Structure formats: C-alpha cells, structure tokens
Protein chains: 2
Amino acid sequence: MLVRNVAIIGLGLLGGSIGLAVAEFLPGISTRGYDADPQTRDRAQARQLVGMVCDSASEAVANADLVIFCVPVGAIPAAAAEIAEHLPADAIISDVGSSKQTVGEALRAALPHHVVIPAHPVAGTERSGPDAGFATLFQHRWCILTPDGNTPDQALADVRSFWESLGARIEIMDARHHDLVLAVTSHIPHLIAYTIVGTASDLEEVTRGEVIKYSAGGFRDFTRIAASDPTMWRDVFLHNRGAVLEMLGRFTEDLTAMQRAIRSADGDALFDLFSRTRDIRRSIIEMGQDDARPDFGRADHQDG
Amino acid sequence: MLVRNVAIIGLGLLGGSIGLAVAEFLPGISTRGYDADPQTRDRAQARQLVGMVCDSASEAVANADLVIFCVPVGAIPAAAAEIAEHLPADAIISDVGSSKQTVGEALRAALPHHVVIPAHPVAGTERSGPDAGFATLFQHRWCILTPDGNTPDQALADVRSFWESLGARIEIMDARHHDLVLAVTSHIPHLIAYTIVGTASDLEEVTRGEVIKYSAGGFRDFTRIAASDPTMWRDVFLHNRGAVLEMLGRFTEDLTAMQRAIRSADGDALFDLFSRTRDIRRSIIEMGQDDARPDFGRADHQDG
C-alpha cells in the first residue's frame, strides 16, 4: 500500500473511529485531522483521535496521499472546495457518506484533477461527535467502494487495502445501485424510526410518560436509531431522494396491505407475512451482521 | 399473599419464564403447567419450567388458586372453556396477553363466576417456545393489570404481590386505555418491523443477499422484532384492531408528511423531526427501560 499520510476532514463518530483504528491497526501510517468546530478539535486532541489535530483543512491535507471526508454529505462540496488549492497532486480523495451518487459527482466536480473513490463503511452507532468513535467500529462490517470507469487500479487497491486493514470487508458497487440498496437497508429504517418516535411523542390520548414507561414492548428499539445525528440524516435524505422515495413507495404499499388485512380481520394474510420474516434474521446472524443473543444481548438480560 | 398453587396454561416464552421465576423468587409457591403441544410439554419437563407438567389443562388447574393463561390471545376463549368445569371456586384468573379489552371480555364470559384480573407484563424477547424462557425476564419491567369495578381488593393485592415478587413493577390501567398505549409502544412497532422486512425481501432491484449483507446500516434492528412469534402477533392484531388502526392512521399521516418533505427538499422539516426524537431515548434509558451503551451494547462493540 502506497498510503503513508491520511487526512481526516471531520472528527465525529466516523472520522474519530478511522483515526483510532489507524493508530491501532496501521501504526506505520500518520494521520492529521481537522474539524470546523473548535470544541470538536479540542476533544479530538484530548482523545488523540489523530496524530495531529490541525487548525485548518488545508494544513490537514498538506502532505496527504489519502483524504477522507467524514462530514455530513451536504457539507462535502464546500469542504472539498476549501482544500482544492492545497491538495498534493497525487492524493486520493474519499469519504464515508451514506449516499454515493451525488457525493461522487460533487467530489469529482470540485476536484477534477484528482482520483476520487467514494466509500461507505456500513457501520455506526446512534452516538455522534468526537467522543463517540472507537477503533473497532469497522471490524466485520462491509465497506462499499464506488469507483468509476476512470479509477486507476493502484488507487483502488490502496483504498481497499486501507479499509481491510481497519477490519472491514470490501464490496465494489455502482453508485446508483449503492444508493438503492442503502435506501432499503438503512435510510428507510431510519426514516420510519424517526417518524414513529415523532408520532408517539405527539399523541393526545397517550402521554409521553406512558410511551417511555412501556417502551420495552418494541418501541424502545426504534428510539435507538432515532437518536442518530440529525444533520447527517437530513443530508442523507436530501442527497438520496430518488431511491428513498422509490423504496418508501414500496413500503407504504405493503403497509397499506397490512392495514387492510387488519381491518378485514384477514388472519391468514397477517400470519403469512409474520412467518416469512424470520429467515432474514437467521441469515443476518449467520453472516455475522448481528448479535445472536435474544434481545441483542441487552445488559438486563445477560443473567437470563 | 394467599396464592399457594399457580397453574400456567401455555409453556412458551412467557409461561416458561413465569414458572422459572416462581421457582427462583417465590420458592414457597408450587406450579403446575400444561401446553397443548406434547413436544412443548416434553421440553418443559426437561427444563423443569414448572413443578409438575400435566397431561391436561384440567389437571393443571385442579388445585390452583391462580390460573395464568400464557397462550396466544386468540386461543384464550377455548382454553378458558376447557378448564371451566375443573376450576376451584376461589381461583383467580389471569393472563399475559398483549391486548386486554377483548381478552378480559372473553375470560369474564367464559368464567362468569370467577374473579378475572387480566395482566400484561411488558417484557419479552424475539424468541418463543419452551426453550426461550428465563427467570429474570420480568425484572425492572412493567406489568399492567386491568381489573374492573367488581374486582375484589384482596384478589388484586394478591396478583400485584405475585408479579412484584417476580421483579415487575405494577400499573393499574383501564383495559381500553391499555390497548391504545400498547398499540403505539408495541403493536405498531411490530407491524412496521414485519412490513419493512417483508418489503426488503421482495424487491427486484435489490437482492435478499444484499439486504442481509448491509443490514448493519439500520435494517437489522427491525429484523429482531420481526422474528417474533407469528401466531401470537396475528392474534394481537386481530384482537386490538380498533386501537391499532387508529395509531396506524397517525403514523401514516406523519410518514406522508416526511415523504412530502423529502420530495420538496424541505431540509428544515426533516431536521426539526430528527432533532426532536433524541430526548425520548434519553428518558427511556434514564427510566431503566433500555441499555445505555451505544448500539444496545451489542457483542461486537464491547471492545470499543
């Protein structure tokens, strides 16, 4: 791998985790980082998220052969413009955004003379900010790369090798297809979770206190992802509108069918769906993508 | 407490957990159990879920002063009819069903000479069957009782004391209100989870393998509750139709508003919702109703 100096722009959950993971798994690589928020830079310094916390993005990228944007996808065009003049000619440009088509286009437009390899590590928690990151975030998670027809093989091999060293498994995908897959596996689940938590907060007949008290019946699961970073998720929906609206259309059709089954007391239709959905969980556990213990192995059941 | 002999009808996750919890926390009380499925009875015997596994429901209730139905709510009327002739005159009748209005009516109709105190311990996991139960399932969980105006104080005190001994906290509630509260905190979340998992399984553009692979982006959370027992959940929706349809109507209104916000690129509307929903998670954790660790403290993040 030819990468020696990595610049991380944005030092929240993802940027911080990359910095910590490089220190742990790629100790020969040096990292510089920058965040637009001075308080985040202070915390990054205190936690040593990167080898050097810089006071400007241009300083962070000055010696970089790999630059990774870890800011909300809506902030990427401005962040790319900010470093354009200071970027070494052979630096590879990447990111960690949850949508890839508009991000790839924006990066290639802002930095037309550089190799751009958009990336999406499918990993995270509901926490955000410089205190949320940890070195093992990417272990056993997939990282999707969306190069285009012009991407040099060596640069692609370098980015692949970088992520593999942090513990991720690599998949190469067309950006458009990525956006469709992630709409269903990530974006729609977040939208639904945010929405049901909002609905439950605003009822007249059921108080907020009751919703909280009896949340162990299922609702609490949705509150976890509905506690995710609002700016990041606003940008995801604005930048993956087409795929999100398409998948949302499918979901609401299916939900309407369930509503009709309940209204007409069609127990067979309900049973049919409810018994088809178990297999997917089994496969997810077999593929190492979730905890096999009941209830995610939550602390209060560990005695069980 | 006057309860000495408890009969448990249905030896799945809930029934089995009650049996194990009584053995651990109320060792002075004897338990008998029955399940219509002979294989479940065998497993119940092997795991010693109850003190005596009986070959008929009538034998299980023969000496009972508390009978708890732990079968899907749709099976309660037949199960109640089955024991009616064999029931000691002063036995208290209860259950653990997730809907309470129709269940209470059915039990009172089937057993008009007995005290009926419907109960709903808001606890469970996605597992079901006789191997799923454990003694600590009810610790720190709420158990909602829905007595009516005719319920004798002593019987109510006995049932309360029984559940408190198993680790639960008690709330007394009107059955109709219970059904509305649980529609939003439990039934709608399950319906949504089942539906999105079904939607994701049936797409043409995105394969099932891709859905499984990239499920860590949020989708995997939904697959947990969508792995719950299909018979139990079919019955819940058939028995709590009114409240479920009402709450579903609210949810789909809100989802439609979000769809409109995405279509019209109204970032402020998205940000507004996404930043309102964090507080509820914080409150749920403060109330001891969920694990405070990121990502539910899933095993693969315990290093972090």
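Rules of the game
- Residues numbered from 1 in each chain as written.
- Chains lettered and ligands numbered in written order.
- Predicted model: local features only at pLDDT ≥ 70, side-chain atom pairs only at ≥ 80, totals over all residues.
- Heavy atoms only, no water.
- UniProt positions renumbered as here; feature names shortened; annotations may be inferred.
- Contact = heavy atoms within 4.5 Å.
- Salt bridge = Lys/Arg side-chain N within 4 Å of Asp/Glu carboxyl O.
- Polar contact = N/O pair within 3.5 Å; in protein donor to acceptor, adjacent residues only side chain to side chain.
- Helix = DSSP H or I, 4+ residues; strand = E, 2+ residues; numbered from the N terminus.
- Nonpolar A, V, L, I, M, F, W, Y, C, P; charged D, E, K, R; others polar.
- Axes fitted to C-alpha atoms, helices over the stretch in contact; angles between N-to-C directions.
- Parallel < 35°, antiparallel > 145°, perpendicular 65-115°, else oblique.
- Left-handed = near helix turned anticlockwise from the far one by under 90°.
- Buried < 20%, exposed > 50% of the residue type's maximum accessible area, 1.4 Å probe, protein only.
- Least-squares fit on C-alpha atoms with pLDDT ≥ 70 in both.
- Pairing = 2+ DSSP bridges.
- Arc of directions from axis to C-beta.
- Domains from an automatic or database assignment.
- Buried area = accessible area lost by both parts, 1.4 Å probe.

- Identification of chain A as prephenate dehydrogenase from Allopontixanthobacter confluentis is taken from an unreviewed UniProt entry.
- Check the Sequence similarities (unreviewed entry) section of the UniProt entry for chain A; it says "Belongs to the prephenate/arogenate dehydrogenase family."

**Overview of the interface of chain B and chain A**
Phase 1 of the analysis: With 114 residues of chain B at the interface, the matching set in chain A holds 114 residues.
Phase 2 of the analysis: Scanning the region where chain B abuts chain A turns up 14 salt bridges.
Phase 3 of the analysis: At the boundary of chain B and chain A, one finds 42 residue pairs in polar contact (both at pLDDT 80 or more).
Phase 4 of the analysis: Counting residues per element, the side of chain B that touches chain A draws most heavily on helix 7 (residues 175–201) of chain B, which supplies 20 residues.
Phase 5 of the analysis: Taken together, the residues of the side of chain B that touches chain A break down into 53 nonpolar, 29 polar and 32 charged.

**A look at the packing of helix 4 (residues 76–83) of chain A against helix 5 (residues 101–110) of chain A**
Residue and element names in this part refer to chain A.
Phase 1 of the analysis: Axis separation between helix 4 and helix 5 bottoms out at 9 Å; the angle between their running directions is 20 degrees. The pairing of helix 4 with helix 5 is recorded here as roughly parallel in orientation. Considering how the two elements wind past one another, helix 4 and helix 5 form a crossing that is right-handed. Contacts between helix 4 and helix 5 involve Ile76, Pro77 and Ala80 from the first element and Val103, Ala106, Leu107 and Ala110 from the second.
Phase 2 of the analysis: Taken together, the residues of the contact of helix 4 with helix 5 break down into seven nonpolar, no polar and no charged.

**Some remarks on the environment of Asp229 of chain B**
Residues and elements named next belong to chain B.
Phase 1 of the analysis: Considering the arrangement of structural elements, one finds Asp229 in the loop between helix 9 (219–225) and helix 10 (230–239).
Phase 2 of the analysis: Judged by its relative accessible area of 22%, Asp229 is partly exposed.
Phase 3 of the analysis: Put simply, Asp229 and Ser128 are 101 residues apart on the chain and 6.1 Å apart in space, counted from C-alpha to C-alpha.
Phase 4 of the analysis: Among the polar contacts listed, one links the side chain of Asp229 to the backbone nitrogen of Met232, at a separation of 3.1 Å.

**As for the relation of the copies chain B and chain A**
Mapping one chain copy onto the other needs a rotation about an axis and a shift along that axis.
Phase 1 of the analysis: Each copy superposes on the other: chain B lies on chain A with an RMSD of 0.0 Å after a rotation of 180 degrees and an axial shift of 0.0 Å. When the rotation and shift are considered jointly, the pair of chain copies conforms to a two-fold rotation axis.
Phase 2 of the analysis: Interface overlap between copies: 100% of the residues of chain B at the interface are likewise at the interface in chain A, consistent with a symmetric, same-surface contact.

**A look at the sheet that holds strand 6 (residues 115–116) of chain A**
Residue and element names in this part refer to chain A.
Phase 1 of the analysis: Across the sheet, six strands lie side by side as 3-2-1-4-5-6; this open sheet has parallel pairing. Only two strands of the sheet have a single neighbouring strand rather than two, namely strand 3 (52–53) and strand 6.
Phase 2 of the analysis: Taken together, the five bridges between strand 1 (residues 5–9) and strand 2 (residues 30–34) define a ladder with parallel strand orientation. Paired with Asn5 across the bridge in strand 2 is Ser30.

**Let's talk about helix 13 (residues 278–286) of chain A**
Phase 1 of the analysis: Listed in full, the buried residues belonging to helix 13 of chain A are Ile280, Arg281 and Ile284 of chain A. What you see down the axis of helix 13 of chain A is that its buried residues fit within an arc of 100 degrees, all on one side.
Phase 2 of the analysis: On its buried face, helix 13 of chain A sits against helix 7, helix 8 (208–213) and helix 9 of chain B.
Phase 3 of the analysis: Positive backbone phi, at 75 degrees, marks Gly288 of chain A, one or two positions downstream of helix 13 of chain A.

**So, the domain arrangement of chain A**
Interface size is commonly expressed as the accessible area that is lost once the parts come together.
Residues and elements named next belong to chain A.
Phase 1 of the analysis: With domains assigned, chain A is organised as domain 1 (5–173) and domain 2 (177–289).
Phase 2 of the analysis: For domain 1 and domain 2, the distance between their C-alpha centroids amounts to 30 Å.
Phase 3 of the analysis: Facing 21 residues of domain 1, the contacting portion of domain 2 comprises 19 residues.
Phase 4 of the analysis: Summed over both partners, the interface of domain 1 with domain 2 comes to about 1600 Å²; 57% of that surface belongs to carbon and sulfur atoms.
Phase 5 of the analysis: Of all residues in domain 1, the largest losses of buried area upon contact with domain 2 belong to Ser98, Glu126 and Met173, amounting jointly to 33% of the total for that side.
Phase 6 of the analysis: Linking domain 1 with domain 2 are one salt bridge.
Phase 7 of the analysis: The salt bridge involving Glu126 is made with Arg224; its shortest N-O contact spans 2.8 Å.
Phase 8 of the analysis: The tally of links between domain 1 and domain 2 comes to 10 residue pairs in polar contact (both at pLDDT 80 or more).
Phase 9 of the analysis: At the level of secondary structure, the elements contributing two or more residues to the side of domain 1 that touches domain 2 comprise helix 5 and strand 8 (142–145).
Phase 10 of the analysis: Class assignment for the residues of the side of domain 1 that touches domain 2 results in seven nonpolar, 10 polar and four charged.

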